[in-house]
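# Reading the structure
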Amino acid sequence: MSSEDNSCCCEVVTKESLIHGCVGEIIGTFLMCFLGIGSVATATLYQAHTGPFQVGVVWGVAIAIAIYATRNLSCAHFNPAVTFAMCISKRCSWKNFPVYILGQFIGAILAASALWIFFADSVRKNLSAANLTMDVATPASSIWCEVFPNTANGVISMPVAAFAEALGVFILVMIIFSMTEGCNVGRPSDDLFPLFIGLTVTVLICTIGPMTDAGLNPARDLGPRVIGWFVGWKNIAFSTDTFIVYTIAPLIGAGLAAIFFTRVIEPMQNSRNNCC
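Residues numbered from 1 in each chain as written. Predicted model: local features only at pLDDT ≥ 70, side-chain atom pairs only at ≥ 80, totals over all residues. Heavy atoms only, no water.

All right, on to the overall build of the chain then. Within the chain, the secondary structure is distributed over 9 helices and 0 strands. The N-to-C order of helical and strand elements in the chain reads α-α-α-α-α-α-α-α-α. The dimensions of the chain, computed from C-alpha atoms along their principal axes, are 65 × 40 × 30 Å. At a minimum sequence separation of 6, the contacts of the chain that also span at least 24 residues come to 80%. Counting every atom, the chain has about 12100 Å² of accessible surface; 67% of that belongs to carbon and sulfur. Of note, the chain has its 13 positive side-chain charges centred 3 Å away from the centre of its 16 negative side-chain charges. (Helix = DSSP H or I, 4+ residues; strand = E, 2+ residues; numbered from the N terminus. Contact = heavy atoms within 4.5 Å. Areas by Shrake-Rupley, 256 points an atom, 1.4 Å probe, with all protein chains shown as cover. Lys, Arg positive; Asp, Glu negative; His and termini not counted. Charge placed at Lys NZ, Arg CZ, Asp CG, Glu CD.)

Listed below in C-alpha cells is the structure:
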C-alpha cells in the first residue's frame, strides 16, 4: 500500500535489480499482511482490538515498518494498484510490473498461510461454538475472505462498495505521489514519509473499513482468498462481486489517480515552484 521515491523506480532495470525488487516486495508485503491481517484476526477471534481505529493503527505502523525494512531492495509498493499507478505515470518501468506483482502475491500468500497456522484451531473452535460450518460466511472467514459490508449495522451495495475501494485507492495514490514529488514543498523528509503513508492507510481504514474492510490492495485481498479456498471456504472465497470490489475497483482508482496527478497536479506544482 505504499511507495518509495521516484529515484528508486526510475533506475535502469537489470536482472539484478529485478531480483532485488521481487525479494523486497515479497518481504515487505509479507510483513504488511502478516501484521495487518494478524490484527484483524486477533480483533475478530480474541477481541484484542476495539473498532477500526486500533486495527488501522496496526496496519499503518506495519506499512511504515515494511517500507523502512525493504526500500533499499525495491520501490516498496506492496500493492499491485500502486505499481500500476507508478507504471502509468512513468515513475516505474513496465519491466518491473510482472516482477513486483509476483512478489506481492507471494508475500501475501505466505503471510495468509502463516496466519492460518497461527489461528486455525481458534477458527475451528469459534465455528464449533456457533454451530457453523465453513460453507457460510462468518466473522472468522472474513479474516481471509473480505466481505462487504463487514458489519450487521451497515448496508452497502456492490457498486457503492466498489466506489469506496476505488476512491480509497485514489486518495492513497494521490498521497503517495504527493509525498514523493520533489516539487512539493510540503513533502516530509525521506526518513519520515513512510510514517505519513502508513497514517494515510490508518485514516482510510477508519473511514472505509466499516463498509468494505478497506482492502485497498488486490494482493492483500486475493492472496488470503487463495488460502481461504484451500483450507475450506471454497463456497465463499471467490465471487464476481468481490473480484470487482477488491481487485478491479482499486486498479481503476489507482489508474485515475496517476492520470489526474501527472496531468493536473504535477504541472501545477512544477509551474508554481519552477521545477523541471
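Bringing the side chain of Ser-39 into the picture now. Along the chain, the position of Ser-39 falls in helix α2 (residues 15-46). Judged by relative accessible area, which is 2%, Ser-39 ranks as buried. One polar contact links the side chain of Ser-39 to the main-chain carbonyl oxygen of Gly-36, over a distance of 2.5 Å. Excluding anything up to four places from it in sequence, Ser-39 contacts His-49, Val-55, Val-58 and Trp-59. (Buried < 20%, exposed > 50% of the residue type's maximum accessible area, 1.4 Å probe, protein only. Polar contact = N/O pair within 3.5 Å; in protein donor to acceptor, adjacent residues only side chain to side chain.)

Residue Pro-149 is reached from Phe-148 by a cis peptide bond, and omega for that bond is -15°. The phi angle at Gln-47 is positive, at roughly 55°, despite the residue not being glycine. Looking at the secondary structure, you find Gln-47 in the loop between α2 and α3 (51-70). The class for Gln-47 is exposed, based on a relative accessible area of 58%. Despite not being glycine, Leu-216 shows a phi value in the positive range, around 60°. Note on placement: Leu-216 falls in the loop between α7 (193-212) and α8 (218-231). Judged by relative accessible area, Leu-216 falls into the buried class, the value being 0%.

That's the geometry; what it means functionally is another story.
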